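# A look at the structure
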Protein chains: 2
Amino acid sequence: MTTDSAQTATQRAVRTYHEARFRGDVTTAAAQIGEGFSFRSPFITSDSPTGHLDGLDGLLGIVTGVELISELYGDTEATLVYDVHTAPAIGITQHTAEHFRLRDGRITSIALLFDSAPWQAIMSAVGPTPDEAATKPDPEPATTAVKRPGLPERHSIT
Amino acid sequence: MTTDSAQTATQRAVRTYHEARFRGDVTTAAAQIGEGFSFRSPFITSDSPTGHLDGLDGLLGIVTGVELISELYGDTEATLVYDVHTAPAIGITQHTAEHFRLRDGRITSIALLFDSAPWQAIMSAVGPTPDEAATKPDPEPATTAVKRPGLPERHSIT
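Residues numbered from 1 in each chain as written. Chains lettered and ligands numbered in written order. Predicted model: local features only at pLDDT ≥ 70, side-chain atom pairs only at ≥ 80, totals over all residues. Heavy atoms only, no water.

A separate point is the pairing of strand β3 (residues 63-73) of chain A. All names here are of chain A. Relative to strand β4 (residues 77-86), β3 is paired through 9 bridges, and the arrangement is antiparallel. Pairing of E67 across the sheet is with D83, part of β4. Turn length for the β3-β4 hairpin, with the two strands adjacent in sequence and antiparallel, is 3 residues. (Pairing = 2+ DSSP bridges. Helix = DSSP H or I, 4+ residues; strand = E, 2+ residues; numbered from the N terminus.)

Encoded structure:
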């Protein structure tokens, strides 16, 4: 069953989170997170309310714009589709989808999807030691990593 | 403005397409495609109604299951989130999001999102010639490729 009020609450929490995240307002973003939260992206797996936001400043340092393409809301879930544009030195347009689950108007899980291959290439070029670089790519490069601090590395090359 | 009937038409076309695609029924999948269609994924860019389905048999040969996680429908768009499970020899669980736009109950665009890095690793290991492998990864490995026939390569290693 779908109700307008539940969808409105979903939309409010997700939009508030999304906008806060991309202006670097961790406090407001974290205020939308509920108990038992989990986050997963190609680079980060985290169960803490703000663990996935640890590298946010680094990310925002290279982001030049966020273009919202789609937002769809249900009673207890939502999906955003957006493009993240980065500085010319990076040159990546990151096509992104983000699936949210919510309970009582708070976000309880986020699955963030994008193609990490362009980032892997940049990180291989500038980030790791030669030994680490020699072992990349591996079959599951980062999906099992916990809070891999990749973003400051990326930021450092701007 | 949102109408139940438009959402129902959206849902019918997208669900029909999705189910047909994963049972290999190209005819039924293509029947949901409208004029001016475009498709984009990490590996394929195509403007023809069935160009993105050319490697479907190869894909299905390694897929062991499709787990639908979310489906959200609007009047003229929809988003599916699902996991594609592959054979043990591949060992990839492909977290996938698919954004559809529709007009008059037909699909006019699909943006398919997943992390191509695990696939890049497999393709680098078994697919390309040594010269090609030496130049990978590049900053934008496949987003500009048109109908890159990667799937049969993947199928051949099962």
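After that view of the structure, there is still more to cover.
Further remarks concern unusual backbone geometry. All names here are of chain A. Positive phi, close to 50 degrees, is recorded for D104, a residue that is not glycine. Along the chain, the position of D104 falls in the loop between β5 (93-103) and β6 (106-113). Residue classification places D104 among the exposed positions, given a relative accessible area of 76%. (Buried < 20%, exposed > 50% of the residue type's maximum accessible area, 1.4 Å probe, protein only.)

Attention now goes to the sheet that holds strand β3 (residues 63-73) of chain B. Residue and element names in this part refer to chain B. Strand order in this open sheet of 6 strands is β2-β1-β6-β5-β4-β3, and the pairing throughout is mixed. With partners counted over all chains shown, the strands left at the sheet margins are β2 (45-46) and β3, one partner each. Alignment of strand β1 (residues 33-40) against β2, held across 2 bridges, turns out to be antiparallel. Bridging from a neighbouring strand, F39 pairs with S46 of β2. Those strands touched by helix α1 (residues 4-22) are β1, β3, β4 (77-86), β5 (93-103) and β6 (106-113), and its axis lies near 170 degrees from that of β3. (Contact = heavy atoms within 4.5 Å. Axes fitted to C-alpha atoms, helices over the stretch in contact; angles between N-to-C directions.)

This part takes up the packing of aromatic side chains. Residues and elements named next belong to chain A. Following the criterion strictly, the structure yields 6 aromatic pairs over all chains and no others. Ring geometry for F22 and Y82: centres 5.7 Å apart, planes at 80 degrees, overall edge-to-face. Highlighted residues: F22 in helix α1 (residues 4-22) and Y82 in strand β4, separated in sequence by 60 residues. Residue F22 is classed as buried on the basis of its relative accessible area, which comes to 18%. (Phe/Tyr/Trp six-rings, centres within 6.5 Å; stacked < 30°, edge-to-face > 60°.)

Counting residues at the interface gives 33 residues for chain A, matched by 32 residues for chain B. Together chain A and chain B conceal approximately 2400 Å² of surface at their shared face, both sides included; 64% is due to carbon and sulfur atoms. Counting the surface chain A buries against chain B, the share from its top three residues, L72, L113 and D115 of chain A, is 23%. Counting across the interface, chain A meets chain B through 10 residue pairs in polar contact (both at pLDDT 80 or more). Put simply, the parts of the chain that give the side of chain A that touches chain B at least two residues each are β3, β4, β5 and α4 (117-126) of chain A. For the side of chain A that touches chain B, the element with the most residues is β5 of chain A, which contributes 6 residues. Residue composition of the side of chain A that touches chain B, by class: 16 nonpolar, 10 polar and 7 charged. (Buried area = accessible area lost by both parts, 1.4 Å probe. Polar contact = N/O pair within 3.5 Å; in protein donor to acceptor, adjacent residues only side chain to side chain. Nonpolar A, V, L, I, M, F, W, Y, C, P; charged D, E, K, R; others polar.)

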